[in-house]
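Fold and contact review
If you want the building blocks of each chain, they are given just below.
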Amino acid sequence: MRVAIVGNGSIGLSLGALFSKAGVDVIILTRSDVKENIIFAESDIEGLSGRYNALFINREREEGIQKILEKRPELVIVTVKAYHLGSVVKRLKELKRRGFERPTLFLQNGLDILDFVAGSVSNPVRGVTGIGAYRKSKNTVFIAGINKTLIGRDEGGKCEEFKRLRELAGLPVEINETPFIERFKAAINAGINPVTALLRIKNGEILEREDAWEVVKRATEETVEVAKAYGVELPDDMISIVRRGIELTYNNYSSMAMDVLSGRPTEIDRINGKIVEKAENKGLNAPVNRSLRRLIRALSPRCTDIFPSDPSSS
Ligand SMILES: NC(=O)c1ccc[n+]([C@@H]2O[C@H](COP(=O)([O-])OP(=O)(O)OC[C@H]3O[C@@H](n4cnc5c(N)ncnc54)[C@H](OP(=O)(O)O)[C@@H]3O)[C@@H](O)[C@H]2O)c1
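So, here is what we can say about the structure in this document. (Residues numbered from 1 in each chain as written. Predicted model: local features only at pLDDT ≥ 70, side-chain atom pairs only at ≥ 80, totals over all residues.)

What follows is about the overall build of the chain. Within the chain one finds 13 helices and 10 strands. Here the C-alpha radius of gyration of the chain, 19 Å, is about what a compact globule of 314 residues would show, namely 20 Å. Each of the three principal axes of the chain carries a C-alpha extent, and together these read 50 × 40 × 35 Å. By the burial criterion, 47% of the 314 residues in the chain qualify as buried. Restricting to contacts in the chain with at least 6 residues of sequence separation, those with at least 24 account for 69%. (Helix = DSSP H or I, 4+ residues; strand = E, 2+ residues; numbered from the N terminus. Rg over C-alpha atoms; globule rule 2.2 N^0.38 Å. Buried ≥ 20, exposed ≤ 12 C-beta atoms within 10 Å, placed from the backbone. Contact = placed C-beta atoms within 7 Å.)

So this is what it looks like as structure tokens:
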């Protein structure tokens, strides 16, 4: 079994380590060169820290593309940030033209991701991951926690292929409807991510600051309301689920906090921005999400439209 993971960031390296640990051949597709074909994983989870083999291929180079065509991985998992999907879509289309296409899972946070990637592969599969991790170098990752990865049903039934993440990578996996999993994850991210990014705090500190927790709760409530307007019923105890999520990732920085701390663009437009847009389309208001979006936009470099402004597109 051979799996290709697009992106050598926190999630890409974590998945790479988990697959490799289970004896799966791992290819990591990058946009820059990585010297050693090793993933260094660090973790408080027993038995996970170690060195794992993975073949790093720079997919920006023609020889990289040739290598992918030669190695013919059986599954592809895309783990770049939502705002970098543009260049990945281009490359997937090119591979498709050259006769290579595989069941492909897109693991970004945010809404409407399948619309962005339409045409890149037949029946793309949507997922959201509960892995909590941060990257320490191009091939070193700290894996803080592993919660459930949700996989969305697709018309072609390709989602079944990704049930194998349980057996191949030891990941807890659940299949559900795509609109549900996207909105469920958005309800978790809509408050935690921007609030931790604005305050530059770890997730757990939200619970130590009453005002911060209040904003997180309101952002979640709005997200639940907007989902309902689209016929997607999120669990009644969404606030408790968010609280549990914070407790489980107490010492982590959210990926948006990490982005802000590193001066990178954030996924705010894919998460809170989309919630605001969807609320407006139904004549609803989502003032907390709108304010969070404005504040993060004011704080971080813009990358508001993944296709035209993706700097790595070529
Ligand atoms: N980190 C978490 O704990 C976590 C938890 C749940 C969900 N998520 C979600 O998972 C997704 C990935 O997050 P992350 O934290 O892993 O992001 P990340 O650490 O920023 O990693 C993204 C990786 O993608 C690479 N990349 C960008 N464009 C590329 C391209 N065209 N081809 C190949 N590689 C490319 C980047 O390369 P460079 O290194 O060259 O920049 C980087 O290594 C996001 O949507 C995030 O919201 C993250």
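So, on to unusual backbone geometry. Positioned with a positive phi, Asp112 is a non-glycine residue whose angle comes to about 60°. Position of Asp112 among the secondary structure elements: in the loop between β7 (104-106) and α4 (113-116). By the C-beta count within 10 Å, which is 15 here, Asp112 ends up partly exposed. You will see that Arg200, though not glycine, has its phi angle at about 55°, which is positive. Following the sequence through the fold, Arg200 ends up in the loop between α6 (178-199) and α7 (205-208).

Attention shifts here to the site of the ligand. Inspection of the region around the ligand gives 30 residues, with Gly7, Gly9, Ile11, His84 and Asn109 positioned closest. Elements supplying a minimum of two residues to the shell around the ligand: α1 (10-21), β2 (25-30), α3 (85-97) and β8 (125-137). Broken down by element, the residue count for the shell around the ligand peaks at 5 residues, all from β8. Class assignment of the residues belonging to the shell around the ligand gives a composition of 9 nonpolar, 16 polar and 5 charged. (Near = placed C-beta within 6 Å. Nonpolar A, V, L, I, M, F, W, Y, C, P; charged D, E, K, R; others polar.)

Function cannot be inferred from these measures alone, as they are strictly geometric.
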